[in-house]
Structures are given as structure tokens and as C-alpha cells.
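Chain by chain, the residues:
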Amino acid sequence: MIRRKLSTIAEMSSGRLGPGYIDVPEGAEPSSLELPAGGWIDLLVQGVTTDSRHIGEGQLFVPLTGDSFDGHDYVEAAFRQGAAAALWSLDRELPASLAGKPLVLVEDPLEALQNLAAAYRAELRTLIVGITGSNGKTTTKDMTAAALGSVMRVHKTAGNLNNHIGLPLTVLELPEDAEAAVLEMGMSGLREIALLTNIARPDIAIITNIGDAHLLQLGSREMIARAKLEIVEGLRPGGLLLVSADEPLIAAELGRTTLPRGAQVRTFGASPRSDWRAAGIEVGAQSCAFTVKAGPAAGFRLAAAPGPRPAADETAAPAEEACESCFPQVRIEIPVPGVHNVHNALAAIAAATAVGVPAEAVASGLRAMQLTGMRIQPVAAACGAMILNDAYNANPTAVRAAVDLVAGLTGYRRKWIVLSDMRELGETEQELHRETGAYITPDKADAVLTWGELSAYTSAGAAEAFGERAAEAVRHFDSQESLILAIREELDPRDLVLVKGSRTMHMERVVEALQR
């Protein structure tokens, strides 16, 4: 984590030291000084937090402001909890109770936090991999961290701290000796990824795919592609951009995008034109296995990576290797199901290969990786049935990928698809739910159960797809409780259940109920 004197923190955050600061003359012994009332001297800060309830000794407290809270109200509590210093907005009156407390005065604490993170990142020699996309960001983050972590000291975004607050905090948590960091970048509108990538300055950027999430804010998949490609604005000269070859919108938008000097683009996916693709894919309910096929351009190597990062104007030309040697025929196993996750793994493999991680080490790291929860997470129901807990979030693209996974799994008495509403889809949300339901045909699943106002349209679409079988196979419920009761009454130990929905629908409660 960041360890700097408060005077340095002030410079890095574009702030200034608050009232009472005493500048100790060079060579003077601080402990021998008699400070006037309300006076304080420079001190060491270790770490940054925005939560006064969980502050660590010696940390800097950043008082953020929202619609229903004001962090300035908790600055005194933060000092009582052990904070070494705090930021304070210039437009706020300073209460007498904070006299003598080490403060940095800033125009805006959030912007100061972001400035501090960007300045700290600029001082690090850490290899940064930035990941964005409509679906699969967190899983790809976990995979990339595992592949790199087989030979390097790696830090990664915790949970889902991928926004304008979480990413700066993640950067400031990076140990100075971290050899690599994998940072997830989320967004809901234009210029949000641009902000994050200019803080993180990634050496490698990955765009997993372009889906339907955030249609409400952006209006079209074309605009979503444009927003995701903002990640190249912070890509370092000579860096690597990895994108899905299966998404034509990325290729179209790339044609209008200026890459940093010396940056290269490589692709992954199912397309035979992909630089990185998979062969011999085997998909189970809990894992996948495959071999890697590397195309002629797959042998890209980042200059001087891993290790000290070159200055932007001193970046060496990228190195190339023959594709035959860039990734030997090693069987890859990942502890997560789904062909879409095979493609996510290809992105991780390409990133690790670009910094020289041997194929055997990549395979070992992926085999042992730990995945963030509620992303196609296999768990057992109380009756013994297999549940695929994919309850973290949902959009039409992600649901179709999950349905395809279920369709390809065999050996189960009955395969259930349990869905709730998909949020933030804009004016076409009803039609998108109906189309999603129509995608679930009788050859892919045996039963479709839904809950939520919009999911009534999912059930209607599924009913059309199931035809005469719809009466017994497709059901919509008015409450989550009635949905849970119906599943419990019919679930068999030989069954498979996929559970998925938007975050606000809390479909993990269905999973938890079935486990009890």
C-alpha cells in the first residue's frame, strides 16, 4: 500500500497542507520541537480509506459525499479510530474540534483520491493489466491473476471494486513490490472507462465482449463498444490490447480508434481468425478443458515486461516470436464451466504469454485459481442437486451464454433455468426479455421458472419456444418465496439448476434457500 509523508500526499493529490502545519527545518530533530497549540508536523501515512468504520492505524481518511451522506461528518470519528490524517474540502468550514489535526485541503476529495492514485501508479514499476467488457470481467480478472500469479507477485481488484472509487482505492492498496496487478474497470456511461484507464495506465488492456448491459444509459451496443474502447486512452505506448474476435462491433470501433504509439492489438475467441483460440474443448458442470491454438501473430511480447517499466518516450519496440513456440500444446483445465469461460481464459493466457510466463506455469495457475463467488459457481442443493449460482448479475448476452452452458451439459434427470429481471436495458427491455426467453428451447432445458415484473416477458418468450410443452415446463411467479417453494417441492438429487438475475433481484437468496 502507499506509504508517503503527508506533505508528499498533498502534492500527489493536488492539495495543500491544512492549518497548523509546522515545517521542520532540515536537520532538526522533530521530537525536540515545542509545537504551539494547534500545531502539527509532517507525518507518515500508510494506506487510504473512505470508510471511517473500518479505518486502520496510520491511514489517510478521504471524506466522500453522496446523496444521503457526507464523509466530512465522520472525520473526527476517523481520527478517534486511528487515522493519521484526512482530506478536507476547501469549501467546508473547518470546525474547531479539528484544530491541530493533520489535514490536506482539496477542491474535491473524490478528485483528490483519483489524483493520488494516478500519481502513485506513475511511481510504481508494477505491470498493470486492465480488464473491461459487458460480461466476464471479474472471471477474466481472476483467471489473469491466476495465470500471472504462477510466477509473479500479483495483486487484483477485490470483489467488484471496479468504479471511480474502487479502482483508485485498489491502486493505492498495491504493494510497492507487486510485480503485477490485474484491475477490473466497470462503467455505466461514456468517459467512465477513460477516467479509470488514465489512473491505472495499463500495460495490457482486455475487452472481454460487448453485450447489452447499460443500454438504458448508452442507448445502443455501438455506444457500449465505444465506451469500452476508451480503455486504450490509458494504455501505455508499446502496450497490448486484447479483444474478442467474435465481436464485430469492436473491430468496427477500433477502425475509428487511435492507439498509443507502438501498441499492438491481438484477438481471442472462437473465430478461426483469432490469434488465440481453443481446440478440443470439453465442458462439464464444474470445469472445462481445452488446448490452445495460437495464430501467426500470437507471439507478441511486451518490451521490458515483467520488471522495470520503461518511460513513455523510451518504450522499446515489441518483440515477436514464431507462433509455434509461443504456447506449447499444454492441456488447460479451468475450474469453471462454459465455453464463454474458455474464451475468457484465452484472454488470460494471451496476457500471461505476452509477459513471458511459461505455458506450464500458466496451466498450473489456471488449474488452481480461486474464482469470485456467484459467477457460474457450482454448489450443492440440500437434496444433492447441482446448482450453478450465476446470481451476481444478468443481461441478455450473459443469459444466453449461461443457457448454452446448460444445453451442453448431459447426465441430469431434469435441467432447470431459473431467471429474474435484467435491469438497465432501456426502452426495449420488454422485447429483450421476451427474446431471451425465446432463446430457451426444449432442447436446451427442461423447465424455465421466472420471477419479477419484467421476467413475465421472459416466460412469455419461453412459452412460445416450448409450444405444447409450455404449460408444464414454463412458469412465472409473483414472488421469490413462491418460486423457491415450487423448486423445493420438485427438485431431485439428479437435477441441474441454473440461477441468474440482475444484482438488485438478489437471486442468491434462491440459491441459499435451496441449500438449506
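Above this text is the structure in question.
Residues numbered from 1 in each chain as written. Predicted model: local features only at pLDDT ≥ 70, side-chain atom pairs only at ≥ 80, totals over all residues. Heavy atoms only, no water.

A. View of the overall build of the chain. Each helix and strand in the chain was counted, giving 18 helices and 26 strands. Its C-alpha atoms give the chain principal-axis dimensions of roughly 85 × 55 × 40 Å. Considering only contacts within the chain whose residues lie at least 6 apart along the sequence, 72% involve residues at least 24 apart. Summed over its atoms, the accessible surface of the chain is roughly 21,000 Å², and 49% of this surface lies on carbon and sulfur atoms. The positive charge centre, built from 46 side chains, and the negative charge centre, built from 64, are 5 Å apart in the chain. (Helix = DSSP H or I, 4+ residues; strand = E, 2+ residues; numbered from the N terminus. Contact = heavy atoms within 4.5 Å. Areas by Shrake-Rupley, 256 points an atom, 1.4 Å probe, with all protein chains shown as cover. Lys, Arg positive; Asp, Glu negative; His and termini not counted. Charge placed at Lys NZ, Arg CZ, Asp CG, Glu CD.)

B. Quick look at unusual backbone geometry. We note that Ser-14 has phi near 60°; this positive angle belongs to a residue other than glycine. Note on placement: Ser-14 falls in the loop between helix 1 (6-12) and strand 2 (16-17).

C. Highlighting the sheet that holds strand 24 (residues 447-451). Ordered in space as 21-22-26-23-24-25, the six strands form an open sheet in which the pairing is mixed. Edge positions in the sheet fall to strand 21 (377-380) and strand 25 (474-477), since each has one partner strand and no second. Sheet twist, expressed as the mean angle between neighbouring strand axes with direction ignored, is 20°. Packing of helix 13 (residues 396-408) onto the sheet brings it into contact with strand 22 (386-390), strand 23 (415-420) and strand 26 (496-500), and relative to strand 26 it is tilted by some 175°. (Pairing = 2+ DSSP bridges. Axes fitted to C-alpha atoms, helices over the stretch in contact; angles between N-to-C directions.)

D. Up close: the environment of Gly-269. Mapped onto the elements of the fold, Gly-269 is located in the loop between strand 15 (264-268) and strand 16 (276-283). In this structure the C-alpha to C-alpha distance between Gly-269 and Asn-209, which are 60 residues apart in sequence, comes to 9.9 Å. Excluding its chain neighbours within four sequence positions, the residues that come into contact with Gly-269 are Asp-246, Ser-274, Trp-276, Arg-277, Ala-278, His-343 and Leu-346.

E. Fine view of the packing of aromatic side chains. Following the criterion strictly, the structure yields two aromatic pairs and no others. Considering the side-chain rings of Tyr-21 and Trp-40, the 5.2 Å spacing of their centres and the 55° angle between planes classify their relative orientation as tilted. A residue pair is termed long-range when its members are at least 10 positions apart, and Tyr-21 in strand 3 (residues 21-22) and Trp-40 in strand 4 (residues 40-41) qualify at 19 residues. Under the relative-accessibility criterion, Tyr-21 is labelled partly exposed at 26%. Residue Trp-40 is classed as buried on the basis of its relative accessible area, which comes to 4%. Centroid distance Trp-276 to Phe-327: 6.1 Å. Interplanar angle 85°. Geometry classified as edge-to-face. Of this pair, Trp-276 sits in strand 16 while Phe-327 sits in the loop between helix 10 (323-326) and strand 20 (332-334), and the two are 51 residues apart along the sequence. One cation-aromatic arrangement involves Arg-375 over Tyr-392; the distance from NZ or CZ to the ring centre is 3.7 Å. Above the face of the Trp-416 ring, Arg-414 is positioned so that its terminal group lies 4.6 Å from the ring centre. (Phe/Tyr/Trp six-rings, centres within 6.5 Å; stacked < 30°, edge-to-face > 60°. Buried < 20%, exposed > 50% of the residue type's maximum accessible area, 1.4 Å probe, protein only. Lys NZ or Arg CZ within 6 Å of the ring centre and 35° of its normal.)

F. Up close: the sheet that holds strand 9 (residues 103-106). Read across the open sheet, the five strands follow the order 2-9-8-7-6; overall the sheet is mixed. The sheet is open, and its two edges are formed by strand 2 and strand 6 (48-49), each paired on a single side. The pairing of strand 6 with strand 7 (residues 60-61) spans two bridges and is parallel. If you follow Thr-49 over to strand 7, its bridge partner there is Phe-61.

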